[in-house]
Every structure is written in C-alpha cells, then in structure tokens.
Amino acid sequence: MALSEDFLQELRSRNSITSVISGYVQLKRRGRTEVGLCPFHGEKTPSFTVYPDTESFYCFGCGIGGDVINFIRHAENLDYIDAVRLLAQRSGLEMPQDNSFDDSMRNLRLRIYEANREAARFFHSTLISPTGRQGLDYLRSRNLSDKTIRTFGLGFAPDSWSALSDYLIKEKGFKPNELVEANLSFRNKKGGLTDRFRNRVMFPIIDLRGNVVAFGGRIMTDEKPKYLNTSDTPAFKKSYNLFALNKAKNSKSDKIILCEGYMDVIAIHQAGFDYAIATLGTALTSEQARIIKRYTNNVIICYDADEAGQKATARAIEILRQENLNIRVLTVPDGKDPDEFIRKNGENGHIRFKMLIEGTGTDIEYQLLKLKSSFDTTTTDGTVRYMNAAARVIAQIDNPVERDVYEGKVCDEFNVTKEEFKRLVNSVIRSSRRREKTREFEKIKNDLAVPAKNETVYTNRRQMRSQKAEEFVITYLLNNVDMAKAVYAELKPEQISEGFHRRLYETIIQRAMNNRSSGFTDISGEFTMEENSRIAAMLTKYSPSLHTYDACKDYVNAILEDHEFVSAKQLSEQSDQDVQSYLDSLKNKKLGNKI
C-alpha cells in the first residue's frame, strides 16, 4: 500500500477510533476501555471493546477486531482504499494525488456506478417514450403519479436482446467487460452481449451515498421469474443494501416500515409515509438489520399476509430481536398487500393505512395471536397446547417486567394461575439456556478438532508454549516499537515457528530497521481484515503492565529453546555428519555467550 505514513497518521489523528465507532455503537466507559453491543453479530451482553490506548477494537463474541480503518471496512463493506477515502472525507482530509497504489478495484466500481447511472437514465427515457408505453401503463394502473415515477427514477427495459448494451458501448463508451461486471449484460453463446433485463419495468436501487448500485425488474408477461434482480457485483451486495433506505434515512419519523417488495414501498411513500424500505428479493439478513439499527430502534414489519409472507415475518422477527430492536407487526386486512390496500381505499387510502400503523401490535402480540388461531382453545387439550406454545414465545423476552406483563395477559384470558404459568415460562428459559451452552460447547469442541485454514496444529505442550511466547513478543513490540532492534538482535524471523507470527514479526522488524513506525495502526494496511482481527485478539491477551523487556527476554529464550529442540529433532533423521555440525554450532554459541 503506497499511502504515505504521514498521511495515514494524520488520517487516524483526525478519526479517533472512539469517535468513529460511537457513530455506529453506543459505547460505555469501563476503566481504560469502552464497551458496547457488537455491530457485527447479534448479542445481548456487550462483548465489543474499544481500546483508546492502542486505537484498536476487538469483539470477544465474534472475533472481529482491528483499527479504525478495519472497523469501517467491516461496517460499510468496503475495501482498504475506499475505507480510507471515507475516513478522509469524514475529517476533511484530501487523498494524496498518487497513483502508485493499486486502485483497479475502486476504478471498476466507479465504472459500474457510472454504467448503472447511464442505464437508469436509458430505462427512464425509454419508459416515457412510445417504446415504454406498456411499462408506463402498468405503473399508472398501480395508481403511481408521474411525480412518484420521477422521484423513484422508474424505467422500462425494452423487449430487445441488446438495446441497452449497444447504447452503453456505442453512445457512452463503456467496455463490454464493464457491463458484464455490472451485471447489466451477459455473454451469449456467440460471445456477444445480451441485456440481462428485457421487457421489464425497472426499479433503480440507490445506496446511501446516492450511487445507483443495482436494479430490480418486473416482467410484463407471465414468464418466470416475475422479478429479476441484479446479482452481487463488485459494487453491490444484496445483504448490505435496502431499497429506498436512501430516502427513508432522511425521514422525520422515528420508525421504519419494512416491506417485501418495491411496489409496496413506493405506494406507501406516495401515500405520505416516507419511511418505508424493502429487502432486495431475499429474506432479511442480519447485516440489513444492523444497518436499520443505525437509523432507528423501531421497526414495523409489513409483509404480505400469505403463507410465504407469514414465514418471512417470523424470520424477520427473529433477526430483528437479535439486534434488540422494538418490533411491531402491521397486518393488512383481508390478506391484501400494502399497495393493494392503499389503492382499494382510493382517496382515503393514506388515512386508512395510518390507522393500521397506529393499531399495530408488538411482535409478541402478533405471535400469540397467530398461535391462538392454530389451536382450538375451546377444548382443554387445545388450551394446554396453546399455553405451552405461548410460554415458548414469552420466554424470548429478556426484560422481566415486559415478560411479566405478557404472562399476566395470557393467564387472565384463560383463567390460569399466574404462578404456574410463570414456572412453565422459566422452565422454557432454563432449557433454552442449556441448549445454548451445549451449542457453544460443541462449537468450541469443533473449533479445536478442526484447525483453522493455514494455521499450525500444535500437537504438544512445547509447541503451545512457543505459540504463546511468540504472541507475547509480538504484542510487546506493538506496544514498545522502540525496542524492535534490541529484540531482533536476540531473535531472528526464521526462529519463529508459526507462519503468520513469522510474517508479522518480519513486518515489524523490517519497518523498525528502516526507521518506520511499526505500531498496530501503522502495519494494519499490510494485512487482511481476518489477519487484523488475529492481531487485535493478541493485543487483548496481555496487559500493557506485563510488557517489560525482562519478560520479553524470557519469552525470547523460550522461543529459542523450543526452536533448538525442534531443529535437533529434525536432525535425528539426518546423517551423523549433519548432526555433529549442528552440535558444534550449539557448543560455539554457548562458548560465545560465556565470553
């Protein structure tokens, strides 16, 4: 990476890790650290820790860690250079005018953004031309106004094999491979280009920075699939994007309506509720839930009332609960979807829909009501089965006061003793915790049984001691960069046994020999996100108060002793002459130490 150290130091000084992460995570001071709920996995007990002293972070739950650049890479799904650009823009720092670093992936993404922007313009101009008459008639049949069509940039892909591809190449100068990478086109059997979207109403998908990153298209015939979406590209990941979030994030409302489809979102926005969003042809993901949490703690699920919609609702509740969001469920009467409901109610559509929003129940109320319809509670057997199922639902609630309220409601409705029902709920909670602990144990056991890729399997205590010693020496150097030359005089890289440790040690030493800073934040750009997480994990293991030079020397001696042991063991399979040469070298080394 050719970014100058002066630039990176200035970038980090303007973007302290605490100030940056505070924009994503609510942090609380705990001694010399800051803790909060991890933004990268669902948790209820904070295990995400920020270390201001080392400008690093580490999550003890999922193992993700690194410096401020690494955090932005994980949080925004960016590569290294784009994460640096985002931080530079955040702090008003200009990027160096230097083309020596590899910017090929970023340039490709920029070309994809440009191609998508031109494609969106092409689709919209086609929609309002005679060629797009069928698409425009369809949108108007859904009661969409011309203003709404313009606001969302809706368009139409003509029923042609290569109209878009030909236009972008001949008129706009794009290269065929750029259109393939953007998933706007694909190679046909003859090697030419075929448009991915044909004879479809087009919905541009715009990210939070205003880039057109992808498209959704609805076919005008009975062909399948009814909706076709852009596949993942270097500029787009389905699991990290949400339709219309670029608009909803600017709403004055303190909530978000989560829908299934494009038309539902657009109809709800047109009705005056500018805080509706949708997933992109897939079920809600954990990543999308975390993105939603950045903008609100209140989510209204508004999925279709059919069986598929009900299953999607149950899955969404589970994922949103993991992020500790407040969930309500909007059920549209008569099995209609939101778009159809608003249209059917004509001029009163927005009023009726507002009443639905105001009448939404919590996710627990929704689940209990759904359960109740599944059992014949007029019978004793049906009531017992319902009570057991209701206990499993209520056991999901972490807040004891909230749990007590729902226990009371269920008991009052069926004239059941609250103490008995509470015991049933508590039993479910205990069983759930036991299962969770069992899963955690099995995971740990499997992790130990199957070593991670590219990591040494430590088969005896001596090797395990070497690993611990190497980690200590590395963390000592990361916290005491001025001691690198002294440590190097005693310990050479080839004497480090574990591959990643050796490469990390070499990086620190080489930088020190060239009088370059070699702290964690200085070297992070030379390693992958996963490797940075490993480094961050090392830094959490040893208290800085233990990082004395005497302690470091003890660990260096342990590494050298184990290295000599392994070398001697390897020589046992060599010739007598090789063994004697090795023993002579050890003797000379010991004599030299005595002089």
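Residues numbered from 1 in each chain as written. Predicted model: local features only at pLDDT ≥ 70, side-chain atom pairs only at ≥ 80, totals over all residues. Heavy atoms only, no water.

S.K.: Can you help me understand the pairing of strand β2 (residues 33–36) in this one?
M.R.: Side-chain positions along a regular strand alternate between the two faces of the sheet. Of the two faces of β2, the one holding T33 and V35 and the one holding E34 and G36 are both buried throughout. The hairpin turn running from strand β1 (residues 28–30) into β2, its antiparallel successor, is two residues long, and G31 in that turn takes a positive phi close to 65°. Relative to strand β3 (residues 48–51), β2 runs antiparallel, the two sharing three bridges. Each bridged residue has a counterpart across the sheet, and for G36 the counterpart in β3 is F48. (Buried < 20%, exposed > 50% of the residue type's maximum accessible area, 1.4 Å probe, protein only. Helix = DSSP H or I, 4+ residues; strand = E, 2+ residues; numbered from the N terminus. Pairing = 2+ DSSP bridges.)

S.K.: Mind showing me how you'd approach the environment of F421 here?
M.R.: Within the secondary structure, F421 is located in helix α19 (residues 418–449). For F421, a relative accessible area of 3% translates into the label buried. Separated by 31 residues in the primary sequence, F421 and A390 place their C-alpha atoms 9.8 Å from one another. If sequence neighbours within four positions are ignored, F421 has contacts with M387, A390, A391, I394, E407, V410, C411 and V416. (Contact = heavy atoms within 4.5 Å.)

S.K.: Would you mind showing me how to read the confidence of the model for the protein chain here?
M.R.: Confidence in the prediction for the protein chain averages 87 pLDDT; 89% of positions are at 70 or higher. With pLDDT under 50 throughout, residues 447–459 is counted as low confidence; its partners more than four residues away or in other chains account for twelve contacts. (pLDDT = per-residue confidence, 0-100.)

S.K.: Which parts of the structure should I look at to understand the pattern of salt bridges?
M.R.: As enumerated under the stated definition, the model contains 33 salt bridges in all. Between E498 and R534 there is a salt bridge, and its shortest N-O distance comes to 3.8 Å. With E498 in the loop between α21 (484–490) and α22 (499–513) and R534 in helix α24 (residues 529–541), the pair connects residues that are 36 residues apart, well separated along the chain. Between E526 and R511 there is a salt bridge, and its shortest N-O distance comes to 2.9 Å. Of this pair, E526 sits in the loop between α23 (520–523) and α24 while R511 sits in helix α22; the two residues are 15 residues apart in sequence, bridging distant segments of the chain. (Salt bridge = Lys/Arg side-chain N within 4 Å of Asp/Glu carboxyl O.)

S.K.: Explanation requested: the packing of helix α3 (residues 68–76) against helix α4 (residues 80–90) in the structure shown.
M.R.: The relative placement of two packed helices is expressed as an angle between their axes plus a distance between the axes. Taken N-terminus to C-terminus, the directions of α3 and α4 make an angle of 105°; their axes are 9 Å apart at the nearest point. Judged by the angle between their axes, α3 and α4 are roughly perpendicular. The residues of α4 that touch α3, namely those facing V68, I69, I72, R73 and E76, are Y80, A83, V84, L86 and L87. Of the residues contributing to the contact of α3 with α4, the split by class is eight nonpolar, no polar and two charged. (Axes fitted to C-alpha atoms, helices over the stretch in contact; angles between N-to-C directions. Parallel < 35°, antiparallel > 145°, perpendicular 65-115°, else oblique. Nonpolar A, V, L, I, M, F, W, Y, C, P; charged D, E, K, R; others polar.)

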